[in-house]
Amino acid sequence: MAYGDTAYGDESARSLDRRDPLAALRERFVLDPGTVYLDGNSLGALPGSVPARVADVVEREWGRLRIRSWTESGWWDAPERVGELVAPLLGAAPGQVVVADSTSVNLFKATVGAVRIAQAGETGVPGAAPQRTELLVDQATFPTDGYIAASAARLTGCTLRPVPAADVPSAVGPRTAAVLLNHVDYRTGELHDLPALTAAVRAAGAVSVWDVCHSAGALPLGLDAHGVDLAVGCTYKYLNGGPGSPAFLYVRRGLQPRFDSPLPGWNSHAEPFAMAAAYEPAAGAGRGRVGTPDILSLSALEEALRVWEGVRVQDVRAKSLALTDFFLRRVGELVPPGAAVSLTSLTPREHARRGSQVALLCDPADEAERVMKELAAHGVIGDFRYPGVLRFGFTPLYTSFEDAERAARVLGEVTGGPR
């Protein structure tokens with residue numbers, strides 16, 4: 001299959017699966033053959049090798065080695081070591097990613113840290129750029145990002161200004177300290193223009209912070225290539241790290257000496273075991289750590305990331321576009337205008353503006369929850385977002401074209417479309 005050319009016409013799902021170069025990856029996951037799982041944009045499927053790895057950590061590393069595992073099993077270095085596995089999937093060179101804490105905690109570190117960098121100015125002296133008193137946030141942001149941005153603004157003396165992502169180039173200016181943006185709109189699946197928006201933020205002298213929760217592991221990010229300053233993302237969606245697996249924090253190498261975390265902890269101290277009264281931050285990405293790492297979750301994530309060995313993110317992106325093209329076409333054929341429940345795609349058709357999910361708006365909206373429940377009863381798992389949105393997340397590592405075909409057919413049945 002020539003990924004990148006998704007003009008497949010009426011080719012069948014089975015034929016597409018036979019020509020899919022990533023099809024064998026499906027065998028690396030624990031999947032129920034009776035279920036079509038299209039919720040990887042919320043929680044990724046379990047990689048088959050993870051249970052044995054977690055059992056070994058519990059039984060041998062914790063059970064027998066106990067405290068010796070901090071050194072002998074590499075527990076202490078796990079946040080940086082796992083960060084090095086995540087980095088290539090983000091388009092980041094080594095030494096810029098640490099895996100620790102939750103997405104919300106990392107968003108707080110990154111956003112406050114970004115404002116502090118901007119307000120320090122080129123001299124690096126706090127207060128050197130007092131005019132930087134504005135924090136811009138994506139108007140359609142995920143709620144937590146908005147809450148964190150509001151708190152960061154209060155703590156740093158900034159005015160919080162929500163703006164549509166597309167308006168950032170005209171909104172950012174000499175008063176702007178930092179801009180917090182979502183790469184993919186979690187409701188609609190719309191992909192925002194990371195290179196152009198990052199360039200606009202930098203041209204204005206502000207610091208960029210990207211939430212890449214809904215794009216990491218689904219498409220190439222090019223954080224280094226596009227000059228992103230800071231980025232945060234979870235690891236339990238397209239990276240399949242498991243429920244509550246720790247998030248990552250990316251700090252561009254050139255900014256690391258100036259990154260002043262609002263949550264300094266003993267784990268990010270330059271000499272953590274000196275137990276010094278005064279805080280001195282560690283060099284590199286390690287200054288993004290705070291407290292003792294969650295070893296069980298980190299170990300599960302570390303093992304889960306092994307499914308990426310030999311996989312190119314560019315190929316994953318190509319399959320994602322092919323899958324979502326196919327699904328949108330089949331939904332259009334199986335749920336035509338005039339169905340009892342009509343569906344309109346909120347997800348852009350243009351590839352450059354599409355993430356790896358499809359969001360469909362139900363009409364009437366109050367039918368959406370029923371439709372999703374009936375889909376689940378027929379073995380098709382997606383999710384519902386108020387007031388009337390059906391979301392389907394496509395994880396190319398394990399989602400097949402036959403999955404997309406079956407989901408579209410069941411959707412046609414439960415909405416009253418043709419059978």
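The structure we're discussing is the one just above.
Since the structure is predicted, the reported quantities are computational estimates derived from the model, not experimental observations. (Residues numbered from 1 in each chain as written. Predicted model: local features only at pLDDT ≥ 70, side-chain atom pairs only at ≥ 80, totals over all residues. Heavy atoms only, no water.)

So what's going on with the pattern of salt bridges? Residues and values would help.
Opposite charge on two side chains lets them pair, provided their charged atoms get close. For the structure shown, the criterion picks out 32 salt bridges. Here K109 ties to D101 by a salt bridge, and the two come within 2.6 Å at their closest N and O atoms. The exposure class assigned to D101 is partly exposed, which follows from its relative accessible area of 30%. D315 is the salt-bridge partner of R312, the closest N and O atoms lying 3.0 Å from each other. On the basis of relative accessibility, which here comes to 24%, the residue D315 falls in the partly exposed class. Counted as one network, the salt bridges with shared partners bring together R53, D56, R60, E61, R81 and E302. (Salt bridge = Lys/Arg side-chain N within 4 Å of Asp/Glu carboxyl O. Buried < 20%, exposed > 50% of the residue type's maximum accessible area, 1.4 Å probe, protein only.)

Give me the lowdown on the nonpolar core, citing residues and values where you can.
Of all hydrophobic cores here, the largest spans 52 residues; its most connected members are L90, F248 and W308. For this core, the secondary structure elements donating two or more residues are α4 (78-90), β4 (97-99), α7 (168-171), β7 (176-182), α8 (194-203), β10 (248-251), α9 (295-304) and α10 (313-334). Of all the elements, α4 adds the most residues to this core, at 6 residues. What L90 contacts, discounting residues up to four positions off in sequence, is V97, A216, L221, G222, L223 and F248. Listed in part, the 33 residues of the second largest apolar core include A13, L38, A404 and A407. (Core = buried A, V, L, I, M, F, W, Y, C linked by side-chain atoms within 4.5 Å. Helix = DSSP H or I, 4+ residues; strand = E, 2+ residues; numbered from the N terminus. Contact = heavy atoms within 4.5 Å.)

Lay out the sheet that holds strand β14 (residues 383-385) with the relevant residues and their values.
On the basis of which strands lie adjacent, the open sheet formed by 4 strands has the order β11-β12-β15-β14 and antiparallel pairing. Each having just a single partner strand, β11 (342-345) and β14 make up the two edges of the open sheet. Between one strand axis and the next, the sheet turns by 35° as a mean value, whatever way the strands run. Bridge analysis of β11 against strand β12 (residues 357-363) gives 4 bridges, and the strand direction is antiparallel. Looking at β12, one finds that L343 is bridged to C362. (Pairing = 2+ DSSP bridges. Axes fitted to C-alpha atoms, helices over the stretch in contact; angles between N-to-C directions.)

Provide a residue-level description of the pairing of β10, including the pertinent values.
Of the two faces of β10, the one lined by F248 and Y250 and the one lined by L249 and V251 are each fully buried. Pairing analysis gives 3 bridges linking β4 to β10, with the strands arranged antiparallel. Bridge pairing links V99 to F248 in β10. Both strand β9 (residues 230-233) and β10 contribute to a ladder of 4 bridges, which runs antiparallel. Paired with A231 across the two strands is Y250, which belongs to β10.

Help me get a handle on the sheet that holds strand β8 (residues 207-211), residues and values and all.
Spatially, the 7 strands line up as an open sheet ordered β4-β10-β9-β8-β7-β5-β6, and their pairing is mixed. Looking at strand neighbours, the two that pair on one side only are β4 and β6 (159-163), the edges of this open sheet. Neighbouring strand axes in the sheet, compared pairwise and without regard to direction, differ in orientation by 15° on average. Taken together, the 5 bridges between β7 and β8 define a ladder with parallel strand orientation. By the bridge assignment for β8, V179 is matched with S208. Along the sheet, α4 makes contact with β4 and β10, crossing β4 at roughly 125°. Each of β7 and β8 is contacted by α8, which is oriented at about 150° to β8, the strand it contacts most.

How would you explain the packing of helix α5 (residues 103-120) against helix α6 (residues 143-156) if you had to name every residue and give the values?
When two helices pack together, their arrangement is given by the angle between the helix axes and by the axis-to-axis distance. Where α5 contacts α6, the two axes come as close as 9 Å, and the packing angle between them is 40°. Considered as vectors, α5 and α6 are oriented oblique to each other. Between α5 and α6 lies a crossing of right-handed hand. The segment α5 lies against α6, with S104, L107, F108, T111, V112, V115 and Q119 engaging T144, D145, I148, S151, A152, L155 and T156. The residue inventory of the contact of α5 with α6, partitioned by class, reads 7 nonpolar, 6 polar and 1 charged. (Parallel < 35°, antiparallel > 145°, perpendicular 65-115°, else oblique. Left-handed = near helix turned anticlockwise from the far one by under 90°. Nonpolar A, V, L, I, M, F, W, Y, C, P; charged D, E, K, R; others polar.)

Provide a residue-level description of the pairing of strand β5 (residues 134-138), including the pertinent values.
A large share of β5 lies buried, amounting to 5 of its 5 residues. Because side chains alternate across β5, one face comprises the buried residues E134, L136 and D138, and the other comprises L135 and V137, equally buried. The pairing of β5 with β6 spans 5 bridges and is parallel. Pairing of D138 across the sheet is with V163, part of β6.

Please provide a residue-by-residue account of the side chain of T347, values included.
Checked against the element boundaries, T347 lands in the loop between β11 and β12. At 2.6 Å, the side chain of T347 and the backbone oxygen of T188 are in polar contact. At 2.7 Å, the side chain of T347 and the backbone nitrogen of A359 are in polar contact. Among all residues touching T347, those that are not within four sequence positions of it are T188, G189, R354, Q357, V358 and A359. (Polar contact = N/O pair within 3.5 Å; in protein donor to acceptor, adjacent residues only side chain to side chain.)

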